[in-house]
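Residues per chain are reported as follows:
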2 protein chains.
Amino acid sequence: MLEPHFLLNVFPSNQFSPEEQELFIEHFVRITVKKGDFLLKEGKISSHYWFIETGIARSYAIDVDGNDISTNFYSVGDIVIDWPSFFLRNPTKENIQALTDCVCWQLDFDTFQKLFHSNEAFREQGRTTLVGSYFALKSHSIAMITDPAKDRYKKLLQERPLIAQNVSLKQLATYLGITDTSLSRIRKEIANE
Amino acid sequence: MLEPHFLLNVFPSNQFSPEEQELFIEHFVRITVKKGDFLLKEGKISSHYWFIETGIARSYAIDVDGNDISTNFYSVGDIVIDWPSFFLRNPTKENIQALTDCVCWQLDFDTFQKLFHSNEAFREQGRTTLVGSYFALKSHSIAMITDPAKDRYKKLLQERPLIAQNVSLKQLATYLGITDTSLSRIRKEIANE
DNA sequence: GGTATTTCTTGCCATAGGGCAAGATTTTAG
DNA sequence: CTAAAATCTTGCCCTATGGCAAGAAATACC
């Protein structure tokens, strides 16, 4: 029995016609990435984005003191994209690295533009996805102000268990805005509750 | 001598044809807002956005403990929009309030959609503006982790002096993720440098 | 112009989380 | 299978920032 194409989850039939599905799918390229490989490196202009079929990835920025700060994590079904670099055609300040071997579906900027300006449904979905990322970022950003570190970690555990359980302490900690030492203590506290 | 229309700054002639400029401008409505009035209230679905011709505004969210957290400030030339509520048609969690009397140019969702799907230049600009907001939010969010409060305040002073000098201590402080007490002390330290 | 209200400053002490370093544990790689 | 490297835990003490409350200053209002 033939598996349905992974990208049908991304372009589901309740939102896209069969013709649209076929059109979009034929423009994506399947790539595989080894653990540790980079999808994007600081200083480059991002010319692609990806949907993850299998695996986990992380984006991070390097601050003035050389510390590595996780900005996001990506797992199955997620879009992996550096929005500003991809759309503003700027050199990025972020790195995106595979934390495990990954299978991804890749689209390049020019192809994206063609689809974006020619197909209304694609356009609406693109905009919705971007706004969704914006909303997630804002929620995280507000939580950093209002919630104590332990609550932020608990939320991550609940909302993204796959991430919380498969990413190293250090990398999770910087995403939560704390040190690995503190996160270790928080885990201990939670274990004792 | 006739003043050029304010919106020509928003749709400059190096990016838009005279026909496009006229098309866009005729769809915007000029509104005035009194100090203290709300452009948007928590729970509503945002159906408009605005460009500020004169005045200052602030958006804020109320956290679980009832504290008011500033999420952004807006001054002359800025777009005032709740991206998620406007595009996802969700009830918003934010409030947007005029801090001074304001003159704004307003566009409604349906008109926006019509222009967005019919005009490529409008679409490109809309996307660029949204990505710009995303980038600003991400920068602020990373700074909250990597920079001490004093540096964050100095950056605000430098990048948005009009805001830093015209918004109350309390409202600035929550935006920076600290208390008004701490910001007061930071100001004192800076004054003594 | 004077009173009420809001905003800002400051002191005192409390606390979340950080810095460092040693040791324990787990993972990686030959 | 074993050694090296990476990751995680823990102790000790430190620092940035918070909480509260009183007084000072600025602003709004009649």
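A quick note: this is a predicted structure, and the numbers were derived from the prediction, not measured.

A word on the overall build of chain A
So, step 1. Across its full length, chain A holds 9 helices and 8 strands.
So, step 2. Relative to the globule expectation of 16 Å for 193 residues, the C-alpha radius of gyration of chain A, 18 Å, shows essentially globular dimensions.
So, step 3. When the backbone C-alpha atoms are referred to their principal axes, chain A occupies close to 55 × 40 × 35 Å.
So, step 4. Counting the 193 residues in chain A, one finds 27% classified as buried.
So, step 5. Residue pairs in contact within chain A that sit at least 24 positions apart in sequence constitute 68% of those at least 6 positions apart.

Concerning the protein's contact with DNA strand D
So, step 1. Near DNA strand D there are 16 residues, and of these Ser168(A), Leu169(A), Ser184(A), Ala149(B) and Ser182(B) occur at the shortest range.
So, step 2. Secondary-structure elements contributing two or more residues to the surface near DNA strand D are α8 (169-176) and α9 (180-191) of chain A together with α6 (149-159) and α9 (180-191) of chain B.
So, step 3. When residues of the surface near DNA strand D are assigned to their parent elements, the largest contribution, 6 residues, is made by α9(A).
So, step 4. Tallied by class, the residues present in the surface near DNA strand D amount to 4 nonpolar, 6 polar and 6 charged.

Some words on the packing of helix α8 (residues 169-176) of chain B against α9(B)
Residue and element names in this part refer to chain B.
So, step 1. At a minimum axis separation of 8 Å, α8 and α9 run at an interaxial angle of 100°. On the basis of the axis angle, α8 is roughly perpendicular to α9. Across from Leu169, Lys170, Leu172, Ala173 and Leu176 in α8, the residues of α9 making contact are Asp180, Ser182, Leu183 and Ser184.
So, step 2. For the contact of α8 with α9, the per-class residue count stands at 5 nonpolar, 2 polar and 2 charged.

Observations concerning the interface of chain A and chain B
So, step 1. Taken residue by residue, the interface counts 26 residues in chain A and 26 residues in chain B.
So, step 2. Secondary-structure elements contributing two or more residues to the side of chain A that touches chain B are β5 (68-74), α3 (83-88) and α5 (120-146) of chain A.
So, step 3. Per-element accounting of the side of chain A that touches chain B gives the leading share, 15 residues, to α5(A).
So, step 4. Class assignment for the residues of the side of chain A that touches chain B results in 14 nonpolar, 8 polar and 4 charged.

Examining the relation of the copies chain A and chain B
So, step 1. Between chain A and chain B, the superposition needs a rotation of 180° and an axial shift of 0.0 Å, giving an RMSD of 0.0 Å. A rotation of that kind, with that shift, is consistent with a two-fold axis.

Quick look at the sheet that holds strand β3 (residues 48-54) of chain A
All names here are of chain A.
So, step 1. Spatial strand order, β1-β8-β3-β6: 4 strands in an open sheet with antiparallel pairing. This sheet does not close on itself; its edge strands, each paired only once, are β1 (29-33) and β6 (79-80).
So, step 2. Alignment of β3 against strand β8 (residues 102-108), held across 6 bridges, turns out to be antiparallel. When the sheet's bridge partners are listed, Trp50 is paired in β8 with Gln106.

Considering unusual backbone geometry
Residue and element names in this part refer to chain A.
So, step 1. Not every positive phi belongs to a glycine, and Arg89 is a case in point at roughly 55°.
So, step 2. Positionally, Arg89 belongs in the loop between α3 and β7 (94-98).
So, step 3. Residue classification places Arg89 among the exposed residues on the basis of 11 C-beta atoms within 10 Å.

Topic: the protein's contact with DNA strand C
So, step 1. Neighbouring DNA strand C are 16 residues; Ala149(A), Ser182(A), Ser168(B), Leu169(B) and Ser184(B) lie closest to it.
So, step 2. At the level of secondary structure, the elements contributing two or more residues to the surface near DNA strand C comprise α6 (149-159) and α9 of chain A together with α8 and α9 of chain B.
So, step 3. Among the elements that make up the surface near DNA strand C, the one with the highest residue count is α9(B) (6 residues).
So, step 4. Looking at the surface near DNA strand C residue by residue, the class counts come to 4 nonpolar, 6 polar and 6 charged.

Focus on the domain arrangement of chain A
All names here are of chain A.
So, step 1. According to the domain assignment, chain A contains domain 1 (7-146) and domain 2 (147-193).
So, step 2. Using C-alpha coordinates to define each centre, domain 1 is positioned 24 Å away from domain 2.
So, step 3. In this complex, domain 1 contributes 11 residues to the contact, which on the side of domain 2 involves 12 residues.
So, step 4. The element that contributes the greatest number of residues to the side of domain 1 that touches domain 2 is β5, accounting for 4 residues.
So, step 5. Its residues assigned to classes, the side of domain 1 that touches domain 2 comprises 6 nonpolar, 3 polar and 2 charged.

Thresholds applied
Residues numbered from 1 in each chain as written. Chains lettered and ligands numbered in written order. Predicted model: local features only at pLDDT ≥ 70, side-chain atom pairs only at ≥ 80, totals over all residues. Helix = DSSP H or I, 4+ residues; strand = E, 2+ residues; numbered from the N terminus. Rg over C-alpha atoms; globule rule 2.2 N^0.38 Å. Buried ≥ 20, exposed ≤ 12 C-beta atoms within 10 Å, placed from the backbone. Contact = placed C-beta atoms within 7 Å. Near = placed C-beta within 6 Å. Nonpolar A, V, L, I, M, F, W, Y, C, P; charged D, E, K, R; others polar. Axes fitted to C-alpha atoms, helices over the stretch in contact; angles between N-to-C directions. Parallel < 35°, antiparallel > 145°, perpendicular 65-115°, else oblique. Least-squares fit on C-alpha atoms with pLDDT ≥ 70 in both. Pairing = 2+ DSSP bridges. Domains from an automatic or database assignment.

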